[in-house]
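Results of the structural survey
Take a look at the letters that make up each chain.
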Amino acid sequence: MVTGVSRDLGRRSAAALAAAPGVDRVVGVDVSPPRGDMGGVAFVRADIRNPVIAKVIAKEDVDTVVHMSVIATPGTSGGRTTMKELNVIGTMQLLAACQRAPRLETLVVKSTTTVYGASSRDPAMFAEETEPRRLPRSGYAKDASEVEAYVRGFARRRPDVRVTMLRCANVVGPHVVSPMTSYFRLPVVPTVLGFDPRLQFLHEHDLMAVLEHSVTDGAHGTFNVAGEGVLSLSQALRRLGRPSIPLPASAVGGVGSVLRSARLTEFSPEQVSLLTFGRGVDTTRMREVLGFRPRYTTASAFADFAAHIAPGPGPGERVVAGVGRVLGIDGVDDTDATPGPGRRGVASLAGTPALGGGAGQGGDARG
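1. Topic: the pairing of strand β6 (residues 162-168)
Burial runs high along β6: six of the seven residues are buried. Note: strand β5 (residues 106-112) against β6, seven bridges, orientation parallel. Bridging from a neighbouring strand, Thr-112 pairs with Cys-168 of β6. Traced from β5 through helix α5 (residues 139-157) to β6, the parallel crossover comes out right-handed. Strand direction decides the pairing type here: β6 and strand β11 (residues 221-225), joined by five bridges, are parallel. Each residue of the ladder has a partner; that of Leu-166, found in β11, is Phe-223.

Structure, rendered in structure tokens:
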């Protein structure tokens, strides 16, 4: 049984599992039917927040559960309250149903590296046993941390069930719609002034491959899952050919509110932290214990994503100036807004009164 199949990645992952050798039948569960072909997956309309999910597990004689219903975007779920209900209450009900399922053998949970947070005190690389330097207080990161705590409790109560928790880096690919991919699709990309964070990515095909591997050949435990290597934000933007606009961290939150109101992207506090400090995870256990090696590196996964992005809607100068007007910033220097040979496509905000800048304060605001 695969949860969360109404979303594209859940639907496609369920279809890939249905076609995998050794898998007899796959049942997809969600509150609404998926859009698109599900292959050999049988769809059952059910809400994991409702105890009726236990009847679905019993009726369908499920021996493996793949939980993909932890969502990162409140806008797509009806608001933050509904998002928390789906993530936390839904997981609690699902685990309670799994607790009462005597034939259950395997539980695979798609988690996220967001549980580590992002701060100035972070280690160079997070290992699975590393505690976050700052516990998440709200949003998707807090939901994911609570979900993991409930999964660990279930693993203690049901030692007979093989529990695999996959902490996945940001998933990218031609078909992925997420806060991070929406951020990179912006015509002008806001960055945090003075910071150039390290990022890791996982290709959508590798996500489906690691889920299949965890179902058929996986090991018990928690694993960081990401493509090999890291990519700095400035490198990513140069490869996209997108102009960027560096802003103080306090102003980035305001930009996020504008973008959220315009339904362009969800700009959460944890994403702002990631775009400030970055994050890296150690994938040694993924390779040596789980026995999985992603086909795509971080760089090649991002390259495939970038190759499928349409060019911006117009000259970068006009877009940067428009962002400045939305923010109430006069005098935005857009001379570097349009990428060219040897240029990074960064707009300078030096000396803008609205940001408290002046001569000598970040005169070359290139992040």
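2. Considering helix α1 (residues 8-18)
Within the span of α1, buried status applies to Leu-9, Gly-10, Arg-11, Arg-12, Ser-13, Ala-14 and Leu-17. On its buried side, α1 packs onto β1 (2-3), β4 (64-67), β7 (170-172) and α7 (204-216).

3. Examining the side chain of Thr-3
Relative to the assigned elements, Thr-3 resides in strand β1. Overall, the relative accessible area of 0% leaves Thr-3 in the buried class. Separated by 2.9 Å, the side chains of Thr-3 and His-67 make a polar contact.

4. Overview of helix α12 (residues 298-307)
The set of residues buried in α12 consists of Thr-298, Ala-301, Phe-302, Phe-305 and Ala-306. Buried residues of α12, viewed axially, fall in a sector of 135°; they line one side. Of the surrounding elements, those touching the buried residues of α12 are β7, α6 (179-184), β9 (198-199), β10 (201-203), β12 (231-232) and α8 (233-240).

5. A closer look at the nonpolar core
Met-1, Val-29, Ile-53, Ile-57, Val-65, Leu-107 and Phe-154 are the most contacted members of the largest nonpolar core, which has 31 residues in total. For this core, the elements supplying multiple residues, two or more each, are β2 (27-30), α2 (53-59), α4 (80-99), β5, α5 and β6. Sorting elements by how many residues they give to this core places α4 first, with six residues. Val-172, Phe-267, Val-272 and Ile-309 belong to the second-largest nonpolar core, a separate cluster that totals 29 residues.

6. Some thoughts on a positive patch on the surface
On the surface, a cluster of positive charge is made up of Arg-121, Arg-133, Arg-134 and Arg-137. Within the element layout of this structure, Arg-121 appears in the loop between β5 and α5.

7. Observations regarding unusual backbone geometry
Phi is positive for Asp-61, close to 55°, though the residue is something other than glycine. If you trace the backbone, Asp-61 turns up in the loop between α2 and β4.

8. Details of the confidence of the model for the chain
Scored by pLDDT, the chain comes out at a mean of 83, with 79% of its residues at no less than 70. A low-confidence stretch, residues 313-321 (pLDDT under 50), is modelled with 18 contacts involving residues beyond four sequence positions or located in other chains. Across residues 329-367, confidence stays below pLDDT 50; counting only partners more than four residues off in sequence or on other chains, it has 71 contacts.

Basis of the calculations
- Residues numbered from 1 in each chain as written.
- Predicted model: local features only at pLDDT ≥ 70, side-chain atom pairs only at ≥ 80, totals over all residues.
- Heavy atoms only, no water.
- Buried < 20%, exposed > 50% of the residue type's maximum accessible area, 1.4 Å probe, protein only.
- Helix = DSSP H or I, 4+ residues; strand = E, 2+ residues; numbered from the N terminus.
- Pairing = 2+ DSSP bridges.
- Right-handed = clockwise from strand over helix to strand, strands pointing away.
- Contact = heavy atoms within 4.5 Å.
- Polar contact = N/O pair within 3.5 Å; in protein donor to acceptor, adjacent residues only side chain to side chain.
- Arc of directions from axis to C-beta.
- Core = buried A, V, L, I, M, F, W, Y, C linked by side-chain atoms within 4.5 Å.
- Patch = residues over 30% accessible without salt bridge, like charges linked within 9 Å, V, L, I, M, F, W, Y side chains within 5 Å.
- Areas by Shrake-Rupley, 256 points an atom, 1.4 Å probe, with all protein chains shown as cover.
- Salt bridge = Lys/Arg side-chain N within 4 Å of Asp/Glu carboxyl O.
- Lys, Arg positive; Asp, Glu negative; His and termini not counted.
- Charge placed at Lys NZ, Arg CZ, Asp CG, Glu CD.
- pLDDT = per-residue confidence, 0-100.

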